[in-house]
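Structural description and commentary
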Amino acid sequence: MEIEFAKSMSGHDKNHIYLIWEKDEKFVYLVNGTTRTLEKPKKKSRKHIQMIQSIPKEVQDCLQNVRTDVTIKKAIQTYRVIKQED
């Protein structure tokens, strides 16, 4: 499974970072490991997100093996720390 992150562009979760768990024609299903778990992903229209194109190697390493709510949360936190340094 390819690792894809997205940033919410509208709604009460504007500017939140998510991992895209599933996709269909109109919607994406987003998880963040805390409020949106693997058991209850957030359904969001594709037009209300911005895909994150470049995912740092450190973030990819967090999600390489088993993907759980804990590893997803850690990957998003790692991404935020790296982007703050830029």
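Our subject is the structure that appears above.
Predicted model, so just to flag it, every value in this text is computed and none were measured.

**Things to note about the nonpolar core**
- Counting residues in hydrophobic clusters, the biggest one holds 15 residues, and the most contacted among them are Phe5, Leu19, Val59 and Leu63.
- Every element with two or more residues in this core is listed here: β2 (17–23), α1 (57–62) and α2 (69–85).
- For this core, the element with the highest residue contribution is α2, accounting for five residues.
- Residues within four places of Leu63 in sequence aside, it is in contact with Ile3, Phe5, Leu19, Thr71, Ile72 and Ala75.
- Core analysis: the next-biggest nonpolar cluster, separate from the first, contains six residues, Ala6, Tyr18, Ile20 and Leu30 among them.

**What to know about the pairing of β2**
- Sheet topology places strand β1 (residues 5–8) next to β2; three bridges connect them, and they run antiparallel. Within β2, the position partnered with Ala6 by the bridge is Tyr18.
- In the sheet, β2 pairs with strand β3 (residues 27–31) via four bridges, with the strands oriented antiparallel. Residue Ile20 lies in a different strand from β3, and its bridge partner there is Leu30.
- Hairpin connection of β2 to β3: three residues between the antiparallel strands.

Procedures and definitions
Residues numbered from 1 in each chain as written. Predicted model: local features only at pLDDT ≥ 70, side-chain atom pairs only at ≥ 80, totals over all residues. Heavy atoms only, no water. Core = buried A, V, L, I, M, F, W, Y, C linked by side-chain atoms within 4.5 Å. Buried < 20%, exposed > 50% of the residue type's maximum accessible area, 1.4 Å probe, protein only. Helix = DSSP H or I, 4+ residues; strand = E, 2+ residues; numbered from the N terminus. Contact = heavy atoms within 4.5 Å. Pairing = 2+ DSSP bridges.

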